[in-house]
Every structure is written in C-alpha cells, then in structure tokens.
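What the coordinates show
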Amino acid sequence: MRFSGWRVLKEGLTGNKGWRPHWRNPQPKAEYDALIIGGGGHGLATAFYLAKEHGLTKIAVLEKGYLGGGNIGRNTTIVRANYGLPGNSEFYSHSLKLWEGMEQELNFNTMMSQRGVLNLFHSDGQRDAAARRGNAMRNQGDDAELLSREQVRALVPWLDFDNTRFPIYGGLFHGRGGTARHDAVAWGYARGADSRGVDLIQNCEVTGIDIEDGRVTGVQTTRGAIKAKKVGIVVAGRSSQVAAMAGMRLPIESHVLQAFVTEGLKPCIDHVVTYGMGHFYISQSDKGGLVFGGDLDFYASYAARGNLPMQEHVMEAAMTLMPMIGKARVLRSWGGIMDMSPDGSPIIDKTHIDGLYLNCGWCYGGFKAVPGSGFAFAHLIATDRPHVSAARLRLDRFETGRGLMDEEGTGAQHNLH
Amino acid sequence: MRIPCPICGTRDRREFYYQGAASMLDRPAAEAPLEVWHDYLHLRDNPAGGTRDLWYHASGCGSWLVVERDTVTHEVLGAALVEACDAD
Ligand SMILES: Cc1cc2nc3c(=O)[nH]c(=O)nc-3n(C[C@H](O)[C@H](O)[C@H](O)COP(=O)(O)OP(=O)(O)OC[C@H]3O[C@@H](n4cnc5c(N)ncnc54)[C@H](O)[C@@H]3O)c2cc1C
Ligand SMILES: [Zn+2]
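Residues numbered from 1 in each chain as written. Chains lettered and ligands numbered in written order. Predicted model: local features only at pLDDT ≥ 70, side-chain atom pairs only at ≥ 80, totals over all residues. Heavy atoms only, no water.

Turning to empty space enclosed by the protein, a few remarks are in order. Residues and elements named next belong to chain A. One pass over the structure, following the stated rule, counts two cavities of 30 Å³ or more. Space inside the largest cavity adds up to approximately 60 Å³. In terms of lining residues, the largest cavity is bounded by Glu253, His255, Leu296, Met340, Ser341, His414, Asn415, Leu416 and His417. Taken together, the residues of the lining of the largest cavity sort by class into three nonpolar, five polar and one charged. Reported here for the second largest cavity is a volume of approximately 50 Å³. (1 Å grid on protein atoms, 1.4 Å probe; cavity = no way out; pocket = protein on both sides within 12 Å on 5 of 7 lines; lining within 4 Å. Points joined across faces, edges and corners; volume = space filled by probe spheres on them. Nonpolar A, V, L, I, M, F, W, Y, C, P; charged D, E, K, R; others polar.)

Set out below in structure tokens:
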C-alpha cells in the first residue's frame, strides 16, 4: 500500500474504506538469519536497512511491548547535526542527510520540519564556544550561522533579551535542524521493514541469549526459543539487563528524562529554541502544544516518570527565558529511560561474543540518530565491519581512553552528562 | 523523593547531590590492573529494582550516604552514613 496525494483524495471520497493495517502481526518462526532485540526507532530502522541495503529478509524484530512504546514515542523530537567532536560529527551529519530523504525513502509522512534550531548564548565565553562549534559544523559540511542579538530578536522577539542575570547575547542557528513526528518515524520504518519481509514480533520479551563456544546461537523469549547466528541488542534504557543475559556489564547507567507539553496554542514558536544558561529547549508541535524539556532528574531510574524538583527547575528556566509561557497551561508530563554512557556519546559495536552486536548509549539525544544508527548498525551486522560514519562509536574507548567523545568537556564519567 | 539522613532526618531530594552506584566505594589499589580500574570507573550493574547508591547531603550536614532505593518505583528504603558502611 503506497501513499500518494491521489490515494488520500480517493480514500477521502470513498469513506476511507481502503486503508489496511500497515504491517502484519506474524508468529515467530523457529529460526532467522538475524534478530533485532528492541522495536524502538533504532531497532526498526536497523531492520529496515538490513532488508533494504543488504538484502537480508529472514530477520525479525523482537519487541517486549508494542512498537514505538519506548523512548521513540516519548521524546521532544529535536533533530540536529550540531556536534563538535570527530565521531559524533560525521555520524550525526550522515544521520541528518538520511532524515532529509526519509519521507521519500519510506513513502511515509514523518512530518520532518527543518524549522531551524537556535542555540542561545548569554556571555562572551559562550559566544566563543558557539563560534567554535559553528566552525566545526561547517567543517563537517553542515550549516551553522552565528547570529547577533539583533538578528536573534528579529527571529524570536518574545524572549526576555534584557534578563538581568542572563541577557541574550546572540545565538547559533542551524537551519537544517528541526523536528519530526516521533511516532511516525517508528511507524514508517516498521512499515518499510515489514513490506520487505521483516517479521515484527510484538509482546515478545527476550529473556535469555544463547551462546555456545563464544558464538551466539539464538535467544529465549516469552514466546519461545528463536535461533539466529546474528543478534543485535538495541534496547536503549534496558541495555544493561539485556547485555547481562550475555554475561556482559556495560558502561551504562539508566536515568529518567522528563518532557512536558502545554495545551494547544496558536502558532507562536517557529523554531526549536534552546536556552544557554540552563538546560531548557522548546518547540511547538503541529497540534499547537508547546513541547519542552530540560535536564535529567539525575539519579538512576527505570520508572519512566520523574519527580517534582526537576519539573520546577524546567518551569523556572522556561519563565526566565520566555515569560510569555506563564500564560500557557501544562497539559501532560512524562519520562523515559535514558541509556547514559560515561562520555555522553553512543556505542555501535561488536561484542566479544561472535554474532552479538551492541547499539546503546544514546543518552537524551538518540531520536535524531534513528536513521544514522539504523543504517550503521545494519551495516555492522551484515558485513561485520563498522560503517564509516560510525567507526568511532566504539565500546572499548572507555577502557583504552582513546577516542572519548565528551562534547561537554566535563569528563568521561557517569553522572556528568 | 525524600531521603532519610541519619543525622538530619528525612529531607527533600533537592538537598542532596547524586554521585552514582555505591560500588564507587570499592576503590581499587593504585597499581591494580587496567581492567580492574575500567570496571570500577565505567562498568555498572545498573539494576532495575533494588539499588545502593551514593548521595551527598550538600544542603545539610555534608555527609556522604549510601541510600537503598528501588529504581523502578523510586521508593527510598533507607540510608546510612558511608563511614558506617565503609568501616573496613
Ligand atoms: C523525554 C525525552 C526527550 C527526548 N528528547 C530527544 C530529542 O529532542 N532529540 C533526540 O535526538 N533525542 C531525544 N530523546 C532520546 C531518544 O528518544 C532516545 O535516545 C531514542 O529514542 C532511543 O532509541 P530507541 O528509539 O530505539 O529506544 P526505545 O524506543 O526505548 O526502544 C527500545 C525498545 O526495546 C524494548 N525492549 C527492552 N528490553 C527488551 C527485551 N528484553 N526484549 C524485547 N524488547 C525489549 C523496549 O520495550 C523498547 O520498545 C529523548 C528522550 C526522552 C525520554
Ligand atoms: Zn544530613
């Protein structure tokens, strides 16, 4: 079933009776060529690219809940390629290019909106850091523009420019960044993978990983044992538990990150705006809700909901930056389980077990990584070699100290990112 | 979330700084092999359920605490001074 303007018109005129489910609901088979554990954005994109780029079709995605019920359906949907360090730089640059072709590639409206990401700065030191980051982005081939205070005012006049403590000095504008519809990204990849023969198996929790003589042979699940010579772990916040099934301990701590949305309002925020003096970012969804978030709650958590202190902190940052938000009412808030790595950067790598591959450490920035991660992980699983865009996302960098990607420069240690 | 400080009593979570897993107390000897240090610094059990982690009562008595919590429910089960736990 393909989407097109004609199809929408025809269905509209004939009572929308022709739409069908977008993917099958198959029974698990006894054996596959490759298994992907985790039906979030990254797992579904991996399956899609395994089928599309590498011609593997005897594959299954095993999801313990429903497709898209994890972080992929809980994030604030910001997409950007504004990293400063080798490793992240080329990876997110590649990912953004895939975003730009995603809707055509999937024949699915993921509502990708390159509305621009504006990172504000509030001091001379921050201006220098923004200029440096902008140069790094341009060197990578992506776009960045350093805006003066007056240029920022022309874009977003409603900010509190003269805040006594944190006046706005200017901003770094990344015009190709923006937002996308998070659920649609999961659904688009799910539909694309299914139509290429991938089995998407829901309500199927992996409970064990079978290993013989240092080689993976399959998995145990709540729907029975399934054999496969290749298994990819892509379970975000649950990475430690699933890796433990293969006897591994990971450099990962799971933390809770919250997000908030207001009642629907008329269009008022055209871009993604981030505050430089506190962790706060905001955009407006297509339904009109202001979608915003802040920092982690900063304690290990699997609750998928947070506590009030961080909510208060985020609201304070919001009011400081844009007092007009005080008139909006918060409709909902929620949380997700973030797989935090010591340097705040991701891991896409083989493990010491033959045929077992690992994809984790996305911290609070893995939505924009979905296409790039799926592409690179599929390449690794299919060819046993890293894709050039992800060759530096190594698991052993913490042990060797080589190639750490600590974007914030705070140190490659847990609880600092 | 409220944490029962053995010295100050039960206090709001905001008074405390979170450090991470209590395994940080088992610092290897300086000459321990690389893998041991890697294990200590980077690798974590990261349990879903009961956990022991280190909190610092920054806006209170300034003690380091080992807090027993449940990471799934956010229930705080108890707290003890690091000195008491780390006496050996
Ligand atoms: C509040 C919030 C805001 C965020 N904002 C942004 C943002 O603005 N921009 C950005 O780039 N990123 C953002 N992120 C991060 C991003 O959402 C995540 O990094 C990314 O979604 C993680 O990858 P995923 O989609 O594959 O994870 P998930 O959707 O969590 O997928 C993992 C899946 O694995 C399944 N699973 C776990 N254990 C098992 C098992 N044993 N067997 C089978 N299946 C299992 C889970 O059920 C889950 O569906 C945000 C996250 C949160 C929570
Ligand atoms: Zn105290």
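Having seen the model, we can carry on.
All names here are of chain B. Within the first shell, the zinc ion (ligand 2) binds the protein through Cys5 (SG), Cys8 (SG), His57 (ND1) and Cys61 (SG), at distances of 2.1 to 2.4 Å. Taken together, the four donor atoms coordinating the zinc ion (ligand 2) span angles of 102 to 123° at the metal, a pattern that classifies the geometry as tetrahedral. If you list the donors of the zinc ion (ligand 2) from N- to C-terminus, the spacing comes out as C-x2-C-x48-H-x3-C. We classify His57 as buried; its relative accessible area is 0%. Since its relative accessible area comes to 31%, Cys61 is described here as partly exposed. (Donors = N, O, S within 2.8 Å, 3.2 Å for Na, K, Ca; no water. Tetrahedral: all angles 85-135°; square planar, octahedral: opposite > 155°, others 65-115°. Buried < 20%, exposed > 50% of the residue type's maximum accessible area, 1.4 Å probe, protein only.)

On to the layout of surface pockets, then. Sizing a probe to match a water molecule and rolling it over the atoms shows the empty space that remains. Residues and elements named next belong to chain A. If you add up the space inside the second largest pocket, you get close to 620 Å³. Residue lining of the second largest pocket: 29 residues in total, with Arg181, His182, Ser285, Val291 and Arg332 positioned closest to the centre. Across the lining of the second largest pocket, the residue classes break down as seven nonpolar, 15 polar and seven charged.

Look at any regular strand and the pattern is simple: side chains alternate between the two faces of the sheet. Residue and element names in this part refer to chain A. Burial within strand S19 (residues 356-360) is extensive, with five of its five residues counted as buried. With three bridges connecting them, strand S12 (residues 230-233) and S19 associate as parallel partners. Counterpart to Val231 in the pairing with S19 is Leu356. As paired elements, strand S18 (residues 347-350) and S19 share four bridges and run antiparallel to each other. Along S19, the bridge assignment pairs Ile347 with Cys360. Hairpin remark: S18 followed by S19, antiparallel, with five residues in the connecting loop; positive phi at Gly355, about 85°. (Helix = DSSP H or I, 4+ residues; strand = E, 2+ residues; numbered from the N terminus. Pairing = 2+ DSSP bridges.)

Now for the packing of aromatic side chains. Residue and element names in this part refer to chain A. For the coordinates displayed, the defined rule picks out 16 aromatic pairs over all chains. Both rings, one in Phe3 and one in Phe108, keep their centres 5.7 Å apart while their planes meet at 80°; by these two values the pair is edge-to-face. Of the two residues, Phe3 is situated in the segment before helix H1 (5-13) and Phe108 in the loop between helix H3 (88-106) and strand S4 (117-121); the sequence distance between them amounts to 105 residues. Measuring from ring centre to ring centre gives 5.8 Å for Phe280 and Phe292, while their planes differ by 50°; the resulting arrangement is tilted. (Phe/Tyr/Trp six-rings, centres within 6.5 Å; stacked < 30°, edge-to-face > 60°.)

This part takes up the sheet that holds strand S3 (residues 17-21) of chain B. Residues and elements named next belong to chain B. Read from one edge to the other, the open sheet built from four strands follows the order S3-S4-S5-S6, with strand pairing classed as antiparallel. Each edge of the open sheet is held by one strand with a lone partner, namely S3 and strand S6 (76-81). For this sheet the average axis-to-axis angle between neighbouring strands, irrespective of direction, equals 30°. As defined by bridge partners, S3 adjoins strand S4 (residues 50-56) across four bridges and the pair is classed as antiparallel. Directly across from Tyr17, in S4, lies its bridge partner Tyr56. (Axes fitted to C-alpha atoms, helices over the stretch in contact; angles between N-to-C directions.)

Our next topic: the interface of chain A and chain B. Facing 27 residues of chain A, the contacting portion of chain B comprises 27 residues. With both chains or domains summed, chain A and chain B bury close to 2,400 Å², and 46% of this area falls on carbon and sulfur atoms. Summed over the three residues of chain A that lose the most area to chain B, namely A:Arg249, A:Tyr299 and A:Glu399, the buried surface amounts to 27% of that side. For the pair chain A and chain B, the number of links is four salt bridges. A:Glu253 serves as the salt-bridge partner of B:Arg44, at 3.8 Å between the closest nitrogen and oxygen. Listing elements by their share of the side of chain A that touches chain B, those giving two or more residues are helix H7 (239-244), strand S13 (253-264), strand S16 (289-300), helix H8 (308-321) and helix H10 (397-400) of chain A. The dominant element in the side of chain A that touches chain B, judged by the number of residues it contributes, is S16(A), at four residues. Class assignment of the residues belonging to the side of chain A that touches chain B gives a composition of twelve nonpolar, eight polar and seven charged. (Contact = heavy atoms within 4.5 Å. Buried area = accessible area lost by both parts, 1.4 Å probe. Salt bridge = Lys/Arg side-chain N within 4 Å of Asp/Glu carboxyl O.)

Below, the discussion takes up the packing of helix H2 (residues 41-54) of chain A against helix H6 (residues 182-195) of chain A. All names here are of chain A. Two elements in contact, H2 and H6, have axes separated by 8 Å at closest approach and are oriented at 30°. Remark: the crossing between H2 and H6 carries left-handed chirality. Between H2 and H6, the contacting residues are Leu44, Ala45, Ala47, Phe48 and Tyr49 on the first element and Ala186, Tyr189, Ala190, Gly192 and Ala193 on the second. A class-by-class count of the residues in the contact of H2 with H6 yields nine nonpolar, one polar and no charged. (Left-handed = near helix turned anticlockwise from the far one by under 90°.)

All names here are of chain A. If you trace the six strands from one edge of the open sheet to the other, you get S8-S2-S1-S12-S19-S18, paired in mixed fashion. Of all the strands in the sheet, the pair left with one neighbour each is strand S8 (199-201) and S18. Strand after strand, the sheet turns through a mean of 15° between neighbouring axes, direction not considered. Relative to S8, strand S2 (residues 59-62) runs parallel, the two being bridged by three bridges. Pairing of Val61 across the sheet is with Leu200, part of S8.

The next thing to look at is the environment of A:Ile252. All names here are of chain A. Relative to the helices and strands, Ile252 is located in the loop between H7 and S13. The class for Ile252 is buried, based on a relative accessible area of 0%. Measuring from C-alpha to C-alpha, the distance between Ile252 and Leu395 comes to 11 Å, with 143 residues separating the pair along the chain.

This part takes up the environment of A:Tyr83. All names here are of chain A. Mapped onto the secondary structure, Tyr83 falls in the loop between strand S3 (78-79) and H3. As for Tyr83 and Ala304, which are separated by 221 residues in sequence, their C-alpha atoms are 27 Å apart. Each residue touching Tyr83, except ones within four places of it in the same chain, is listed here: Asn88, Ser89, Tyr92, Arg133, Ala136, Met137, Lys368 and Glu407. For Tyr83, the side chain forms a polar contact with the side chain of Lys368, separated by 3.1 Å. (Polar contact = N/O pair within 3.5 Å; in protein donor to acceptor, adjacent residues only side chain to side chain.)

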